[in-house]
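Residue-level listing of the chains:
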Amino acid sequence: MPSLVEVSGTWNLAHLLAKEEFIDFVGQQQLILQISLSRYPLFYVLTIILPICLLAVLNPVVFLVPAESGEKISLSVSILLAYSVILSALSELLPEVSDNISILGVYVCIMLCLKVVSVLASVGALSLYHRSGSVPGEGVYHWLGKNGRWGIKNTKVCQVDVNADKEIISWQDVSRAFDRLMFCIMSAAALLISIVCASFIFQ
């Protein structure tokens, strides 16, 4: 029986069972065919999953781009548009059903929402960077700028308020610390979402 099935590059014949049953009240026989098909995953891995994973890597990298370079927002929007193109291409490949939504489509939508948050965070980081004046001596901004300097080599001489005996934190320090914080958050979120969705896709 499997020799009668035409070979397909999309579907794999996983199981084929043919059996006859006799219907008593009709006096006839019926042939029952049980066919199980599985889709070959290589096409979707190369065209959908691999580009999404590469974009997921680029998503937190946006926060490593210096604010003074002027390319942070353009890179964020470019990655957002790439997610939109992949989502539109994926909608043409998957069946249009609402009762059983593909996990791959859900994964792309979640990563798209995560990218929107990344764009908003990039705008907020640039807004902090271009503020003038000094950061208030107390509050979240001062704490973020003071504790976010780990691992950053600052060639400028730190200014100290002699009267208050406190180090003056600039808005540029706050922006860099915010970028580092968002890089860690986005990396952890993208990794966690990818692992959870992969466990459902490849189970």
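Computed from a predicted model, the values in this text were never measured in an experiment. (Residues numbered from 1 in each chain as written. Predicted model: local features only at pLDDT ≥ 70, side-chain atom pairs only at ≥ 80, totals over all residues. Heavy atoms only, no water.)

A. Just the overall build of the protein chain, in detail. Tallying secondary structure elements over the protein chain gives five helices and four strands in all. Along the chain direction, N to C, the helices and strands of the protein chain fall in the order β-β-α-α-α-α-β-β-α. Looking at the protein chain residue by residue over its 203 residues, the buried ones come to 27%. Put simply, of all contacts in the protein chain between residues at least 6 apart along the chain, 66% involve residues at least 24 apart. Surface accessibility of the protein chain: about 13,500 Å² in total, with carbon and sulfur atoms responsible for 64%. (Helix = DSSP H or I, 4+ residues; strand = E, 2+ residues; numbered from the N terminus. Buried < 20%, exposed > 50% of the residue type's maximum accessible area, 1.4 Å probe, protein only. Contact = heavy atoms within 4.5 Å. Areas by Shrake-Rupley, 256 points an atom, 1.4 Å probe, with all protein chains shown as cover.)

B. Looking closely at the UniProt feature "transmembrane region" (unreviewed entry) in the protein chain. What UniProt calls "transmembrane region" (unreviewed entry) maps, in this numbering, to residues 42–66, 73–91, 103–129 and 181–202. Helix makes up 100% of residues 73–91 and strand 0%, whereas the separation of the span's terminal C-alpha atoms amounts to 27 Å. Secondary structure across residues 103–129 comprises 100% helix and 0% strand; the distance between its end C-alpha atoms is 39 Å. (UniProt positions renumbered as here; feature names shortened; annotations may be inferred.)

C. How the structure looks around the packing of helix 1 (residues 42–61) against helix 2 (residues 72–93). Contact pair helix 1 / helix 2: the axes reach a minimum separation of 11 Å and the direction vectors enclose 160°. Looking at the two axes, helix 1 sits roughly antiparallel to helix 2. At the point where helix 1 passes helix 2, the crossing takes the left-handed sense. Counting all contacts with helix 1, which are made through Phe43, Tyr44, Ile48, Pro51, Ile52, Leu55, Ala56, Leu58 and Asn59, the residues of helix 2 involved are Ile79, Ala82, Tyr83, Ile86, Leu90 and Leu93. Tallied by class, the residues present in the contact of helix 1 with helix 2 amount to 14 nonpolar, one polar and no charged. (Axes fitted to C-alpha atoms, helices over the stretch in contact; angles between N-to-C directions. Parallel < 35°, antiparallel > 145°, perpendicular 65-115°, else oblique. Left-handed = near helix turned anticlockwise from the far one by under 90°. Nonpolar A, V, L, I, M, F, W, Y, C, P; charged D, E, K, R; others polar.)

D. Fine view of the packing of aromatic side chains. Summed over the entire model, instances satisfying the criterion amount to zero aromatic pairs. One cation-aromatic arrangement involves Arg131 over Trp171; the distance from NZ or CZ to the ring centre is 4.7 Å. (Phe/Tyr/Trp six-rings, centres within 6.5 Å; stacked < 30°, edge-to-face > 60°. Lys NZ or Arg CZ within 6 Å of the ring centre and 35° of its normal.)

E. Structural detail: the side chain of Asn59. With respect to the helices and strands, Asn59 occurs in helix 1. The residues touching Asn59, leaving out its near neighbours within four places in the chain, are Ile79, Leu114, Lys115 and Ser118.

F. Representation of helix 5 (residues 171–201) within the structure. For helix 5, which comprises 31 residues, the first-to-last C-alpha distance of 44 Å matches the rise-based estimate of 45 Å (1.5 Å per residue) to within 8%. Of the residues making up helix 5, those classed as buried are Trp171, Asp173, Val174, Ser175, Ala177, Phe178, Asp179, Met182, Met186, Ala190, Ile193 and Cys197. Tucked inside the fold, the buried residues of helix 5 contact helix 1, helix 2, helix 3 (103–129) and helix 4 (140–147). (Expected span 1.5 Å × (residues − 1).)

G. Looking closely at the state of the cysteines. As enumerated under the stated definition, the model contains zero disulfides in all. No disulfide involves Cys109; its sulfur sits 6.8 Å from that of Cys113, the nearest cysteine. (Disulfide = S-S within 2.5 Å.)

H. Region of interest: the nonpolar core. If you look at the biggest cluster of nonpolar residues, it comprises 34 residues, and the most contacted ones within it are Ile52, Tyr83, Tyr107, Met111, Val174 and Phe178. Secondary-structure elements contributing two or more residues to this core are helix 1, helix 2, helix 3 and helix 5. Excluding anything up to four places from it in sequence, Met111 contacts Ala56, Tyr83, Ala190 and Ile193. (Core = buried A, V, L, I, M, F, W, Y, C linked by side-chain atoms within 4.5 Å.)

I. Main features of the pattern of salt bridges. Inspection of every chain in the model, using the stated rule, returns two salt bridges. In this structure, the salt-bridge partner of Asp173 is Arg176, at a minimum N-O distance of 3.5 Å. Of this pair, Asp173 and Arg176 both sit in helix 5, separated by three residues, roughly a single helical turn. For Asp173, a relative accessible area of 11% corresponds to the buried category. (Salt bridge = Lys/Arg side-chain N within 4 Å of Asp/Glu carboxyl O.)

J. Highlighting the environment of Leu120. For Leu120, the position within the fold is in helix 3. We classify Leu120 as exposed; its relative accessible area is 60%. Spatially, the C-alpha atom of Leu120 lies 9.4 Å from that of Ser76, the residues being 44 residues apart in sequence.

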